[in-house]
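Spelled out from the first residue to the last, the chains are:
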Amino acid sequence: MSSPKGFAKFIIVLTTVTAAVMELIDTSIVNVGLNEMAGSLGVNIEDVSWVITAYAIANVIIIPMTGFLAEYFGRKNYYIASMIIFTAASYMCAESTGLMEITAWRFVQGIGGGALLSTSQAILFDAFAPEDRPMASGLFGMGLVLGPTLGPTVGGYLIDNFSWPMIFMINIPIGIIATLLSITFIDKKEGEGEKKESIKIDYMGIALLMAGIGCLQYVLERGESEDWFASDTIRISAIIAIVGVVGFIWRELTTPHPVVNLKVMNNRSYAFTTLFTFVAGLGLFTSVFVYPVLAQRVLGYTPLETGLSLLFPTLIGVFMMPVIGKAMSKGVSPIPFTIVGFILFSLYSWMSASVSPDAGRWDFFPALMVRAFGISMAQLPLINQAVAGLHPSEYAAGISLNNMIRQIGGAFGIAMANNYIAHSHAQHRSDLVSNFYEGAPAYTERLNALTQGIAAKTGDISGASLKAQKVIDLAVDKQAYYLAYLDTFHLIGLFFLAVLPLAFFMKVKKKQPVDAKAVKEAMEAAH
């Protein structure tokens, strides 16, 4: 099958990247709308956060199975069906009137959306000749970086100007157009879907995957809010996760027809690439989580201001993707890009952790710029490395597994950040409060000034002192949170520095130019 040319190639690129961006936007778009959703549905913030958890669990369950499902149903059929499921579930989420209803539809939306990520990447790669696939990686990498960052911006705008159902309704026209374009311009591969009867379904592997990865994601997502192992639900879920994941690994390595080909991990370069991908996912998703909460809770940004402050520096970094892709297409090694990208992300973490408590609107901009360049230089080579050194028949499994690792890295990072912020906040608050005792000069001076100011403004002399103490308490709490967030940036940076020495093990032998045609034909057969 020849690669598409001209307008057809442009449409395929546009459709697949848009579908990937749409899926990734929905991982973060609801974050800024939880308050409004909780009020509308008559529940608290902790309960409504299930709309995030349900989507994430569905994602990590379906992503590693996309290679098998695409082969079983035919890649084009599976891709279009997933897009329809995602779009229809988006409409049902917008129409939901209760917590259970929207949680169920968010799970269905995650099933459809999770399939879009890996399948979009495989279709996009097929649209390019083997020597141009780093450019395809660059285009897809733009979506990977832009999606999670666009989420808070788009969500903030829609919440500020419309209502929370619009964060789901916006998917509908995009999904319909992408579905029609896919039906028209994406070709079926030769023999696609014809092997259905000969493919044996690994029901045990699917069950273990759903139980293990689903419960692991639940523990990571809900552990902090349920006080970790003080909760019976978390303890039971953790046990199921361990049994399920271990059982799944054993099953997939021993069965002749695995639903996920874990034997790709035997490739040294791929195994270390997944480790780097895990850390990259941790950094990408955790930074998009920590910074917005810091901006709104401490700096007083609105949801839209928060999203825009992330968007502009990220856009600058995103435009580097095709440039890096073109450089790799000409033979430049991806390893130096990965190393520089991880160093830049560490630098971003340290720059963010050094911002003054009196931070203004633009004080985080230089750090966010460095973050954008770091992510651009790290993500793209890792996408390319996910298939480098694998046999073409292993590409689908390699891509799917790599995408799942990125999502789990993000979930682990957010859970780690939540827990670390809680403990760090308590420690900093304790340290700060120890300086506020009766007779301390600075405390006494501040308390008297506030008391006099409140008494003069309200005329309530007797209650002015209590109100002044409350103001000081709130200021201490705010400062403790600020310091906790800065500590978290340091922690994220340490992960990026810790894995850098392992970049040496990602090296693979260069393919000879004469292999290009054979690789392309084999990859077409694989997909």
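Keep in mind the model is a prediction, meaning the values are calculated, not measured.

Once that is clear, we can look at the packing of helix 13 (residues 268-297) against helix 16 (residues 334-353). Their axes nearest at 12 Å, the elements helix 13 and helix 16 cross at an angle of 35°. The element helix 13 and its partner helix 16 pack so that their crossing is left-handed. Across the interface between the two elements, F276, V279, A280, G283, L284 and S287 of helix 13 pack against T338, F342, F345 and Y348 of helix 16. Grouping the constituent residues of the contact of helix 13 with helix 16 by class yields seven nonpolar, three polar and no charged.

A few words on the nonpolar core. Nonpolar side chains tend to gather and get buried jointly when the protein is soluble and globular. Counting residues in each nonpolar core, the largest one holds 137 residues, and the members touching the most others are I102, F168, F342, F364 and F489. With twelve residues, the single largest contributor to this core is helix 13. Every residue in contact with F342, bar those within four places of it in the chain, is listed here: F276, V279, A280, A378, L382, F496, V499 and L500. Of all hydrophobic cores here, the second largest spans nine residues; its members include Y443, L447, A464 and A468.

Time to look at a nonpolar patch on the surface. Residues F7, F10 and L14 make up a contiguous nonpolar surface patch of roughly 330 Å² in combined accessible area. Residue placement: L14 occurs in helix 1 (residues 6-25). By relative accessible area, L14 is classed as partly exposed at 41%.

Attention shifts here to the layout of surface pockets. Approximately 1,400 Å³ is the volume found for the largest pocket. Along the walls of the largest pocket sit 42 residues, with L34, I52, F289, V293 and N418 positioned nearest its centre. Among the secondary structure elements, those contributing two or more residues to the lining of the largest pocket are helix 2 (34-41), helix 3 (45-48), helix 4 (50-62), helix 11 (203-222), helix 13, helix 18 (395-433) and helix 20 (461-499). Per element, the largest residue contribution to the lining of the largest pocket is eight residues, and it comes from helix 18. Residues of the lining of the largest pocket, tallied by class, amount to 22 nonpolar, 13 polar and seven charged.

Once that is clear, we can look at helix 19 (residues 441-458). Here helix 19 contains 18 residues, and its C-alpha end-to-end distance of 26 Å stays within 8% of the 26 Å for a straight helix at 1.5 Å per residue. Looking only at helix 19, the buried set comprises Y443, L447, L450, T451, I454 and A455. Buried residues along helix 19 cover an arc of 130° about the axis, so they all sit on one side. Facing away from the buried side of helix 19, by more than 90 degrees, are the exposed residues P441, A442, E445, Q452, A456 and K457. With its phi angle positive at about 80°, G459 sits one or two positions after the end of helix 19.

This paragraph deals with the packing of aromatic side chains. Within this structure, the stated rule accounts for 13 aromatic pairs. With 6.3 Å between their ring centres and 90° between their planes, W164 and F168 make a pair best called edge-to-face. Relative accessible area serves as the criterion here: at 0%, F168 is assigned to the buried category. Measuring from ring centre to ring centre gives 6.0 Å for Y348 and F489, while their planes differ by 80°; the resulting arrangement is edge-to-face.

On to the environment of E224. Structurally, E224 can be placed in the loop between helix 11 and helix 12 (232-254). Using a relative accessible area of 25% as the deciding quantity, one classes E224 as partly exposed. Residues E224 and N419 lie 195 residues apart in sequence; the distance between their C-alpha atoms is 6.0 Å. Not counting residues up to four positions away in its chain, the partners in contact with E224 are N418, N419 and A422.

Parameters at a glance
Residues numbered from 1 in each chain as written. Predicted model: local features only at pLDDT ≥ 70, side-chain atom pairs only at ≥ 80, totals over all residues. Heavy atoms only, no water. Axes fitted to C-alpha atoms, helices over the stretch in contact; angles between N-to-C directions. Helix = DSSP H or I, 4+ residues; strand = E, 2+ residues; numbered from the N terminus. Left-handed = near helix turned anticlockwise from the far one by under 90°. Contact = heavy atoms within 4.5 Å. Nonpolar A, V, L, I, M, F, W, Y, C, P; charged D, E, K, R; others polar. Core = buried A, V, L, I, M, F, W, Y, C linked by side-chain atoms within 4.5 Å. Buried < 20%, exposed > 50% of the residue type's maximum accessible area, 1.4 Å probe, protein only. Patch = residues over 30% accessible without salt bridge, like charges linked within 9 Å, V, L, I, M, F, W, Y side chains within 5 Å. Areas by Shrake-Rupley, 256 points an atom, 1.4 Å probe, with all protein chains shown as cover. Salt bridge = Lys/Arg side-chain N within 4 Å of Asp/Glu carboxyl O. 1 Å grid on protein atoms, 1.4 Å probe; cavity = no way out; pocket = protein on both sides within 12 Å on 5 of 7 lines; lining within 4 Å. Points joined across faces, edges and corners; volume = space filled by probe spheres on them. Expected span 1.5 Å × (residues − 1). Arc of directions from axis to C-beta. Phe/Tyr/Trp six-rings, centres within 6.5 Å; stacked < 30°, edge-to-face > 60°.

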